[in-house]
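Take a look at the letters that make up each chain.
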Amino acid sequence: QQQVKQSPQSLIVQKGGIPIINCAYENTAFDYFPWYQQFPGKGPALLIAIRPDVSEKKEGRFTISFNKSAKQFSLHIMDSQPGDSATYFCAASIGDNAGNMLTFGGGTRLMVKP
Amino acid sequence: NAGVTQTPKFRVLKTGQSMTLLCAQDMNHEYMYWYRQDPGMGLRLIHYSVGEGTTAKGEVPDGYNVSRLKKQNFLLGLESAAPSQTSVYFCASSYSRGTRLFQPQHFGDGTRLSIL
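Described below are features of the structure shown in this document. (Residues numbered from 1 in each chain as written. Chains lettered and ligands numbered in written order. Predicted model: local features only at pLDDT ≥ 70, side-chain atom pairs only at ≥ 80, totals over all residues. Heavy atoms only, no water.)

**Observations concerning the sheet that holds strand β7 (residues 64-67) of chain B**
All names here are of chain B.
Stage number 1. Strands sit in the order β1-β3-β8-β7 across an open sheet of four strands; the sheet is antiparallel. Single-partner strands in this sheet number two, and they are β1 (4-7) and β7. Neighbour-to-neighbour, the strand axes of the sheet open up by a mean angle of 20 degrees, direction not taken into account.
Stage number 2. Summarising the sheet, strand β3 (residues 19-25) and strand β8 (residues 73-78) pair through six bridges and their orientation is antiparallel. Its bridge partner lying in β8, Ala24 is registered against Asn73. (Pairing = 2+ DSSP bridges. Helix = DSSP H or I, 4+ residues; strand = E, 2+ residues; numbered from the N terminus. Axes fitted to C-alpha atoms, helices over the stretch in contact; angles between N-to-C directions.)

Structure, rendered in structure tokens:
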């Protein structure tokens, strides 16, 4: 059972476009929502993360929008570049004595065409 | 600093064979994790460790065992490999959360394992 649902599975945009990746969660105990970026042959790397009491967070060209009542959050990539082509994973975290336990979405493979 | 290092990077096994995947981190992290990555399913937690000498089951632990004899190392074992264990395996590590809301996990570059 996937507690974090991510869509779309794949996405193709032109350079300069604004790809949007959406995630929905069920467990209200999640208390932090990170996004990871993964290039082929590499491990995922933290891109940006948001707390549930914040509606939006920006870091450079990457923005997370968070809707707590709808239990949804999304990643927007402004002025996308071919170098942004990667797989993106949303995740939700529960912090307890075992640290930050992450539940990942299924991933979105993004291709930005020149 | 190397971060999180996984060995081997690639391996092909026959059904029933055993092997151990090694993860080493040089960031003095308390917590370490093993995930498997399958298409469309994201990363799923196999086992994790909150400190030297301790391990616990994650979401998909069946068919795997782990050990953490030293703080910097976390081993994942397959006693009798099955084709369903064909996957990409990632190790990660992190600091304890302490009073902070979030401590990011740092990932290695994975081990690609095929079971024939």
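**Re the pairing of β3 of chain B**
A regular strand places its side chains on the two faces of the sheet in alternate fashion.
Residues and elements named next belong to chain B.
Stage number 1. Of the two faces of β3, only the one carrying Met19, Leu21, Cys23 and Gln25 is buried; Thr20, Leu22 and Ala24 on the other face are not.
Stage number 2. Both β1 and β3 contribute to a ladder of four bridges, which runs antiparallel. Its bridge partner being in β3, Thr7 is matched across the sheet by Leu22. (Buried < 20%, exposed > 50% of the residue type's maximum accessible area, 1.4 Å probe, protein only.)

**Things to note about the sheet that holds strand β7 (residues 62-67) of chain A**
All names here are of chain A.
Stage number 1. The five strands are arranged β1-β3-β8-β7-β6 in an open sheet whose pairing can be described as antiparallel. Only two strands of the sheet have a single neighbouring strand rather than two, namely β1 (4-7) and β6 (56-59). Neighbour-to-neighbour, the strand axes of the sheet open up by a mean angle of 15 degrees, direction not taken into account.
Stage number 2. Direction of pairing for β7 relative to strand β8 (residues 72-77): antiparallel, over a ladder of six bridges. Pairing of Ile64 across the sheet is with Leu75, part of β8.

**Points about the state of the cysteines**
Residues and elements named next belong to chain A.
Stage number 1. Taken as a whole and assessed by the stated rule, the structure comprises two disulfides over all chains.
Stage number 2. Sulfur-sulfur distance for the disulfide between Cys23 and Cys90 comes to 1.9 Å. For the disulfide bridge between Cys23 and Cys90, the dihedral angle about the S-S bond is near -100 degrees, and by the sign convention the bridge is left-handed. On the criterion of sequence distance, the pair formed by Cys23 in strand β3 (residues 20-25) and Cys90 in strand β9 (residues 86-96) is long-range, its members being 67 residues apart. Cys90 shares its class with Cys23; the two are buried. (Disulfide = S-S within 2.5 Å.)

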